[in-house]
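Observations on the three-dimensional arrangement
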Amino acid sequence: QENLIESGGGLAQAGGSLRLSCVASGRAFGNSAMGWFRQAPGKKREFVAAISWSGDTTYYSDSVKGRFTISRDGTRTTVRLQMNSLKPADTATYYCVADPGDLVVAITSGRFRSWGQGTQVTVFP
């Protein structure tokens, strides 16, 4: 089981930027794809972005495509989400996720093996 620790949430003005980070640890981490989901109060959890183990393949939801960028470092233990041109609609709790299985299946099913505790992002007008 991986442990995922998020950081970097906070307040931002619309049009501004924030960067989220997630550090993974644990023996079972190997070869896991990683990503982000978010959930706003009263709304369903939704996929945001994901990146393959190698870092060669990324996926984004239509709502963030062109504004958010997901990346992972050379150790593959840290994934970051650079969020630009933020909108009030981006306000949510953001959760880091990881899974060693098929990434497309995990994204479409919403079933990632490991989830972080979440970090709050609030965007005000």
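Each remark here, short or long, concerns the structure printed above.
Residues numbered from 1 in each chain as written. Predicted model: local features only at pLDDT ≥ 70, side-chain atom pairs only at ≥ 80, totals over all residues. Heavy atoms only, no water.

1. A word on the overall build of the protein
Per the secondary structure count, the protein includes 1 helix and 11 strands. The helix and strand sequence of the protein, counted from the amino end, reads β-β-β-β-β-β-β-β-β-α-β-β. At 13 Å, the protein has a C-alpha radius of gyration in line with the 14 Å of a compact globule built from 125 residues. Buried residues in the protein amount to 42% of all 125 residues. Sequence-distant contacts, at least 24 apart, represent 58% of the contacts inside the protein between residues at least 6 apart. Seen as two clouds, the 14 positive and the 9 negative side-chain charges of the protein have centres 3 Å apart. (Helix = DSSP H or I, 4+ residues; strand = E, 2+ residues; numbered from the N terminus. Rg over C-alpha atoms; globule rule 2.2 N^0.38 Å. Buried < 20%, exposed > 50% of the residue type's maximum accessible area, 1.4 Å probe, protein only. Contact = heavy atoms within 4.5 Å. Lys, Arg positive; Asp, Glu negative; His and termini not counted. Charge placed at Lys NZ, Arg CZ, Asp CG, Glu CD.)

2. Side note on the sheet that holds strand 7 (residues 68-72)
Read across the sheet, 4 strands follow the order 1-3-8-7 without closing on themselves; strand pairing throughout is antiparallel. Pairing within the sheet leaves two strands with one partner each, and these edge strands are strand 1 (3-7) and strand 7. The sheet shows a mean angle of 15 degrees between the axes of neighbouring strands, direction not considered. In this structure, strand 3 (residues 18-25) lies alongside strand 8 (residues 78-83), joined through 6 bridges in antiparallel fashion. Within the sheet, the bridge partner assigned to Ser21 lies in strand 8 and is Arg80. (Pairing = 2+ DSSP bridges. Axes fitted to C-alpha atoms, helices over the stretch in contact; angles between N-to-C directions.)

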